[in-house]
Amino acid sequence: MATRTRNRLVKALLAPAIALGITVGAASAPASAAVWSSCDQWGNTSLNGYTLYNNIWGSGAGSQCFWANSGTNWGVWANHPNTGGIKSYPNSKKVVNKTITSLGSLSSSYNVTVPSSGAYNTSYDIWDTDYDYEIMLWVNYNGAVGPLGTSQGTVTLGGHTWTVYKGNNGANEVFSFLRTSDSSSGTVNILPILKWIKDTKGWFGNETIGDVQFGFEITSSSGGLDFVTNNLTVSSS
């Protein structure tokens, strides 16, 4: 469920890295030494044009460590308790900063390895530059998780079929697209989705798209689970 507010997002982006004092086991890192790793709550770095962000933002969170071989190959080991509420959204971000009408293309390919237990979704989180609108694209999900808002029916866009939800978290509008079957790899043509929201539904105007984030929105991962982005690319023109 997309419950991050604009204020929380801005606070998270501005907050200094805070060491959590976590001790992690062998499951928390890849077999070979990573280029970058962090167990800090707000740990972040930039690699290959992508910003990587550990982003442990929810209440009642446990421990989580982020490792990266590159901006497009990374993962987390997370041990969050089996309680309700989103604990974190570790992600990789690409900045676009173009209006919808000025975009000739916006697409992304993903390949992930996710656990069979726990409660989470693997999702894109796309924001306008003012953080008035949040567009979530769930490519897979597991356990007791669900989108914000009410169902708007099913639509086939960008190479996938989605169930669409529309809601508001008190700070911004949230449009969630849940893939009707789970996928661990594929390509999403994002621009037709944005144009459908703008032109077909009229839910927003010619917004400037700022961030395209991709990651794992984790509610619970008791005992420690691995979430791996084997490859991710975001491209626009």
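Residues numbered from 1 in each chain as written. Predicted model: local features only at pLDDT ≥ 70, side-chain atom pairs only at ≥ 80, totals over all residues. Heavy atoms only, no water.

Trainee: Whenever I open this one, the environment of G210 confuses me. Can you help?
Mentor: Relative to the elements of secondary structure, G210 occurs in strand β14 (residues 208–220). In sequence terms G210 and D128 are 82 residues apart; their C-alpha atoms lie 5.0 Å from each other. Excluding its chain neighbours within four sequence positions, the residues that come into contact with G210 are K94, V95, V96, N97, W127, D128 and T129. (Helix = DSSP H or I, 4+ residues; strand = E, 2+ residues; numbered from the N terminus. Contact = heavy atoms within 4.5 Å.)

Trainee: Would you explain the nonpolar core in this entry?
Mentor: Side chains of a nonpolar character, in soluble globular proteins, are inclined to be buried together. Membership of the largest hydrophobic core comes to 46 residues, with the highest contact counts inside it found for L106, Y124, I135, L137, F177, I197 and V212. It is helix α2 (residues 190–201) that contributes the most residues to this core, 6 residues altogether. Among all residues touching I197, those that are not within four sequence positions of it are I135, F175, F177, G202, W203 and F204. In terms of nonpolar packing, the next biggest core, distinct from the first, is built from 5 residues, W42, Y53, W57 and Y89 among them. (Core = buried A, V, L, I, M, F, W, Y, C linked by side-chain atoms within 4.5 Å. Buried < 20%, exposed > 50% of the residue type's maximum accessible area, 1.4 Å probe, protein only.)

Trainee: Just to check I follow, could you spell out the state of the cysteines for this structure?
Mentor: Enumeration over the complete set of coordinates arrives at 1 disulfide. Each sulfur in the disulfide pair C39 and C65 lies 1.9 Å from the other. Given an S-S torsion of about 110°, the disulfide between C39 and C65 has right-handed geometry. Here C39 is found in the loop between β1 (36–38) and β2 (44–47), whereas its partner C65 is found in strand β4 (residues 63–70), with 26 residues between them in sequence. On the basis of relative accessible area, C65 is assigned to the buried category, the value being 3%. (Disulfide = S-S within 2.5 Å.)

Trainee: Even after reading the chapter, I still don't get the pairing of strand β6 (residues 91–99), so can you show me in this structure?
Mentor: Here is the key point about a regular strand: its side chains alternate between the two faces of the sheet. Bridge analysis of strand β3 (residues 50–53) against β6 gives 3 bridges, and the strand direction is antiparallel. Its bridge partner being in β6, Y53 is matched across the sheet by N91. Taken together, the 7 bridges between β6 and β14 define a ladder with antiparallel strand orientation. Within β14, the position partnered with V95 by the bridge is D211. (Pairing = 2+ DSSP bridges.)

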